[in-house]
Amino acid sequence: MRIPNFVPLVESERRGRERAGFVIEVFAWAYAAVVAVRILYWGIFLPRVEDFAYDEPPQQWAVDLLAWAGFGRYAEFSWAGLGWCFLAGALVGVAMGFTGKGVGPWIASLSKLQVNNPEDSIRISKHWAWARFEGVGLLVLTVVTGWVLTKIDLASMFAAQGLQGAGRMLLQISCGIPFVGAEMDGVGSLFSGIRWVLNVGVAGYNAVGGVLAWSPLEPFAQNCVPTDAEYYGMALTKLAESIYLAFMATFFAVPIAFVAAFFAARNLTRHSRTMRGVYVLARVYINVTRSIEPIIWAILFAVWIGIGPFAGSIALMIHSIASLVKQYSEAIESVDDGPIEALQATGANRIATAWFAVVPQVVLPYLAFTIYRWDINVRMATIIGLVGGGGIGGLLIQEQGLANWSKVGTIAFLIFVVVWSMDFLSARVREAIQ
Amino acid sequence: MTSVAHGNLVELHDVEKVYPNGTRALKGVSFDVKKGSFLAVIGLSGSGKSTLLRCINRLHEPSGGRILFDGTDVTRLDDAGLRRVRQQIGMVFQQFNLVKRRSVLTNVLSGRLGEWGGHTFGGLFDRWPKEWVEEAYEALRLVGIADKALVRADGLSGGQQQRVAIARTIMQKPKLLLADEPVASLDPSTSNSVMNHLKMLNEQHGVTVICNLHFLSLVREYATDVVALRGGEKVFEGKPTDITPQWFKDIYGEQAKEVEIH
């Protein structure tokens, strides 16, 4: 369990780090055991054995092994089984933990401190040899598990049907972007250019496919009917709705968050038990509301006050308040304590101290956070329409449902322009006030 | 009110301070501060000087003992009473502790914030009274930087910032001034100017001063009384002239050598 003395650590933290390392080690082994049994053994090894058992004639050893493992078509891996794996792994982890050489103590001992003695760095490197081995093992195990769980299937990327469909949709969507479908003198439209490139790809695929006996692709022959100007008018109206609902959400969230942030800052709420209670409540509130996605809030408010931009804007406001309180209060926590102390020493009360010593120090960070929040809200406002929160998102989901892909392209393009320019502007403003 | 009769502005009786991490910063310190005196507190870094000063106006809560200020037991006061006492105690800090993004004038005026306690929302939406602004300019004139009144505080040099901090305490019209190493981050010539301003307050305005200092030469030049701390205990109390080389070694340890500052 001990981390040797030549590993540089702040001495007062050494005991705590050793304990943390032990716990990490135990959990690392428990995780490894669970994953190894559930994924490698149950998810990869036994299904392969099953293939042998269904051979004609069945291989007796495979049938026996499956019967012994209790594995069949409808077998479920039990929670008890997982528990036992976890426990077994944890036991190994405890044993490894006591050596103080595993990956847990290694992670726990990482610090910014410099090694003073050059010979120590060699000893440290030797000491963590096994930990590195364990670490690589865990990484490989995790990659394999991830591969299995995400059902990665490279072959499907080259299936003819999928390629054909994706190509057709790409053409339709790009047709919706302004000027892509417009004919230019002598050279045709940008759309026909894209179609030509795709058809070159089709020819290439068919050439390779002819050798490998793949089913051939048909060349793309569709034409572009550009979105008409009237539709742009409607889409832009909806887009403006999105931008303004994002602005309203930010505008009303700022004063509420401004006041609440003082109660959510640790350094201003230390002095009495009541204030510490308020601090905990504020923190619980922001953590709960922030961890619920705005899209969920939008669904809730769409049911409550009806589908439309008002619901979307309230959903965004709820989320913005929580996020802003978090960012504002962190800015308050990082202010220089000196002026606060100085004003307290003059006999000023807490409100005056906060107003004269804290607020001047946080205005600029507040401004930056607020602009960034508006930027985020505009981006989210386009999404929130998908679930009935008003704005351009509603139009987008509608056109997608009707498979009007060129209109989807138009809307996506408009959203792109707005999000990109908001991002550019807010980055510029934040840069300027730093 | 006996202490007032004795002419003591501050009396410390067995003041103790234990920090939450278990460090015993003060182990029963007792001494008296006479009205109108200039008391220097000396000792190594970590000997408890800053803690002692902050216990007097309860920026740090003392863990034991009694502190009398002008006859009132500071340690027993509630929030409102404490604010009233703090209004009479000015404080200057090693790092000046000005609000850097505000003008010098606002910083000086904030010395009066204690009197805004009764206002709605702590006076958040009120403007500074005209007389106060006049007084603030007067205070700045006293420390010689009235011309910088509208400059942002972070545009000043260290010595100027410390003078603004002194002007801020002048606004309080304090009976007592606590100075926590007021010159430790200043160069020697600026140090003397700042110390002279403290001396001026002490002699011409009758403000009692308790000042943490590092340099014995400054102690000999400015202080009327000296208290020395070592490891949270009082090891010396007397006049600056009483500090002999032997005392010096006792306070600062065998290895120490006196450094002069003029």
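Residues numbered from 1 in each chain as written. Chains lettered and ligands numbered in written order. Predicted model: local features only at pLDDT ≥ 70, side-chain atom pairs only at ≥ 80, totals over all residues.

It is worth spelling out the overall build of chain A at this point. What chain A contains, in helices and strands, is 16 helices and two strands. Taking the principal axes of its C-alpha atoms as reference, chain A extends roughly 80 × 75 × 50 Å. The contacts of chain A with a sequence gap of at least 6 include a subset with a gap of at least 24, amounting to 72%. (Helix = DSSP H or I, 4+ residues; strand = E, 2+ residues; numbered from the N terminus. Contact = placed C-beta atoms within 7 Å.)

All right, on to the sheet that holds strand S1 (residues 8-18) of chain B then. Hydrogen bonds along the backbone pair up the strands of a sheet, which may run parallel or antiparallel. All names here are of chain B. The four strands are arranged S2-S1-S4-S5 in an open sheet whose pairing can be described as antiparallel. The sheet is open, and its two edges are formed by strand S2 (24-34) and strand S5 (72-73), each paired on a single side. Taken together, the five bridges between S1 and strand S4 (residues 64-69) define a ladder with antiparallel strand orientation. Along S4, the bridge assignment pairs Glu16 with Gly64. Strands in contact with helix H2 (residues 49-56) are S1, S2 and S4; relative to S2, the strand with the most contacts, it is inclined by about 60°. (Pairing = 2+ DSSP bridges. Axes fitted to C-alpha atoms, helices over the stretch in contact; angles between N-to-C directions.)

This next bit is on the pairing of strand S6 (residues 89-92) of chain B. Residue and element names in this part refer to chain B. Residues Ile89 and Met91 of S6 are buried on one face, and the alternating residues Gly90 and Val92, pointing to the opposite face, are buried as well. In the sheet, S6 pairs with strand S7 (residues 176-179) via four bridges, with the strands oriented parallel. Bridge pairing links Met91 to Leu178 in S7. (Buried ≥ 20, exposed ≤ 12 C-beta atoms within 10 Å, placed from the backbone.)

How big an interface is tends to be expressed through the accessible area that disappears when the partners come together. Along its sequence, chain A is organised into domain 1 (11-152), domain 2 (159-212) and domain 3 (229-432). If you average the C-alpha positions of domain 1 of chain A and of domain 2 of chain A, the two centres end up 47 Å apart. (Domains from an automatic or database assignment.)

All right, on to the nonpolar core then. In terms of nonpolar packing, the biggest core is built from 133 residues, with Val325 of chain A together with Leu39, Val108 and Cys211 of chain B touching the most fellow members. Beyond its immediate sequence surroundings of up to four residues, Leu39 of chain B is in contact with Val33, Val209, Ile210, Cys211, Ala223, Asp225 and Val227 of chain B. Listed in part, the 16 residues of the second largest apolar core include Ala33, Val35, Val37 and Ala131 of chain A. (Core = buried A, V, L, I, M, F, W, Y, C linked by C-beta atoms within 7 Å.)

Here we come to the sheet that holds strand S9 (residues 225-230) of chain B. Residue and element names in this part refer to chain B. Ordered in space as S6-S7-S8-S3-S9-S10, the six strands form an open sheet in which the pairing is mixed. The strands lining the two open edges of the sheet, one partner per strand, are S6 and strand S10 (233-238). For this sheet, the mean angle separating the axes of adjacent strands, direction not counted, is 15°. Relative to strand S8 (residues 208-212), strand S3 (residues 38-42) runs parallel, the two being bridged by four bridges. Each residue of the ladder has a partner; that of Leu39, found in S8, is Ile210.

This part takes up the interface of chain A and chain B. With 18 residues of chain A in contact, the opposing surface of chain B contributes 25 residues. At the level of secondary structure, the elements contributing two or more residues to the side of chain A that touches chain B comprise helix H13 (337-345) and helix H14 (350-384) of chain A. In terms of residue class, the side of chain A that touches chain B is built from 11 nonpolar, six polar and one charged. (Nonpolar A, V, L, I, M, F, W, Y, C, P; charged D, E, K, R; others polar.)

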